[in-house]
Amino acid sequence: MTIKKNINIDEIAHMLCQMWGPLSEEQSVILKSHIRVALFKKNEIIFRENETPAMMMCLINGKVKVYKDGVGHHQIIRAIKPVEFFGFRAYFAHDSYRTSAMALEPSTIAMLPLHVVEQLMAENPHIAIYLMRQLASLLGDSDRRTVNLTQKHIRGRLAEALIFLKDNYGLEEDGYTLSIYLSREDLASLSNMTTSNAIRTLSAFAAERLIAIDGRKIKIIQEEELRKISSMG
């Protein structure tokens, strides 16, 4: 992790104020004085399971995965996109981290001490409501993914993962290529399947002309058909 000195803290604080709602002048000063910005390299750990949470994080640019280690592999729980908050649930549950986070590519992250966030929440209901909605949304997404990853067949799970990546990170300028290049292991982890099954299913999708594959680059050719496979499970 490298602490960035040349990032405009005022711009980040202004962005947070717009997301959270109006802050008083005193609250804005507190916010600006406590923000720090860090640059993480590709594959660098941001926080680890069982660590004590200290910072709420907001991804400014880049891509981050939140995952849980298992026996011989890890399960991707969430893929963080700009501008999204993460790393704060455990603090408010008086818990240690139950997951780990890693940068999938060079990523810039704004950090704010969680005790400062808690202070601001106590003073400003707009912030409390915003974060409550964030947590409620995360819980709903977690419930949906749990059901989908346990009940859908392999094709449905992989199709859902591809659509998830498209909806979260978008496409490159050609309008087809996913703008995130995951390893086959990460794609399998996101889909709750073995790497060999992910490779076979990707090849089947390519043979059916639903997608095109060029190394880690994946082009979505028939998006509606993938959505249909995902919804049918």
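Details of the structure are given in the entry above.
Residues numbered from 1 in each chain as written. Predicted model: local features only at pLDDT ≥ 70, side-chain atom pairs only at ≥ 80, totals over all residues. Heavy atoms only, no water.

### Brief notes about the pattern of salt bridges
Counted by the stated rule, this structure contains 14 salt bridges. A salt bridge links E49 to K68; its shortest N-O distance comes to 2.6 Å. Taken together, the residues E49 in the loop between β3 (45–47) and β4 (55–61) and K68 in strand β5 (residues 64–69) connect sequence positions 19 residues apart. The salt bridge partner of E223 is R227, with a shortest N-O separation of 2.9 Å. Separated by 4 residues within a single helix, E223 and R227 lie in helix α9 (residues 223–232), roughly one turn from each other. When salt bridges with common partners are traced through the structure, they connect K166, D167, E223 and R227 into a single cluster. (Salt bridge = Lys/Arg side-chain N within 4 Å of Asp/Glu carboxyl O. Helix = DSSP H or I, 4+ residues; strand = E, 2+ residues; numbered from the N terminus.)

### Some details on the packing of helix α7 (residues 184–191) against helix α8 (residues 195–207)
The N-to-C vectors of α7 and α8 enclose an angle of 95°; their axes lie 8 Å apart at closest approach. On the basis of their axis angle, the class for α7 and α8 is roughly perpendicular. Facing R184, E185, L187 and A188 of α7, the residues of α8 in contact are T195, A198, I199 and L202. (Axes fitted to C-alpha atoms, helices over the stretch in contact; angles between N-to-C directions. Parallel < 35°, antiparallel > 145°, perpendicular 65-115°, else oblique. Contact = heavy atoms within 4.5 Å.)

### Comments concerning the pairing of β4
The buried count for β4 comes to 5 of 7 residues, which makes it a mostly enclosed element. Strand direction decides the pairing type here: β4 and strand β7 (residues 84–86), joined by 3 bridges, are antiparallel. Among the inter-strand pairings, L59 is bridged to a residue of β7, identified as E84. (Buried < 20%, exposed > 50% of the residue type's maximum accessible area, 1.4 Å probe, protein only. Pairing = 2+ DSSP bridges.)

### A word on the packing of aromatic side chains
Scanning the entire structure with this criterion turns up 5 aromatic pairs. Residues W20 and F85 carry aromatic rings whose centres are separated by 5.9 Å and whose planes lie at 25° to one another, so their mutual orientation is stacked. Linking W20 in helix α1 (residues 9–20) with F85 in strand β7, this pair joins segments that are 65 residues apart in sequence. The exposure class of F85 is buried, given its relative accessible area of 3%. Measuring from ring centre to ring centre gives 3.9 Å for F47 and Y97, while their planes differ by 15°; the resulting arrangement is stacked. In this pair, F47 sits in strand β3 while Y97 sits in the loop between α3 (89–92) and β8 (100–103), placing the two residues 50 residues apart along the sequence. The ring of Y67 is capped by K65, whose NZ or CZ atom sits 5.4 Å from the centre of that ring. (Phe/Tyr/Trp six-rings, centres within 6.5 Å; stacked < 30°, edge-to-face > 60°. Lys NZ or Arg CZ within 6 Å of the ring centre and 35° of its normal.)

### A look at the sheet that holds β5
As summarised here, the arrangement of the 4 strands in space is β3-β8-β5-β6, forming an open sheet in which the pairing is antiparallel. Of all the strands in the sheet, the pair left with one neighbour each is β3 and β6 (74–80). Sheet twist, expressed as the average angle between the axes of neighbouring strands with direction ignored, equals 35°. Of the pairings in the sheet, the one linking β5 to β6 comprises 6 bridges and is antiparallel in character. In the sheet register, K68 faces β6, and the bridge partner there is Q75.

### Focus: the packing of helix α4 (residues 114–123) against helix α5 (residues 125–151)
Helix-helix packing: each pair is described by the crossing angle between the helix axes and the interaxial distance. As a packed pair, α4 and α5 sit with axes 5 Å apart at the nearest point and diverge in direction by 115°. When α4 is examined against α5, the residues V117, L120, M121 and E123 are found in contact with a partner set consisting of P125, I127, A128 and L131.

### Some words on α7
Working note: α-helix, 3.6 residues per turn, so residues spaced by three or four point in the same direction. Most of α7 sits inside the fold, with 7 of its 8 residues counted as buried. Listed as buried for α7 are R184, D186, L187, A188, S189, L190 and S191. Looking one or two places after α7, you find N192, whose phi comes out positive at around 60°.

No statement about biological role is implied by the geometric values presented.
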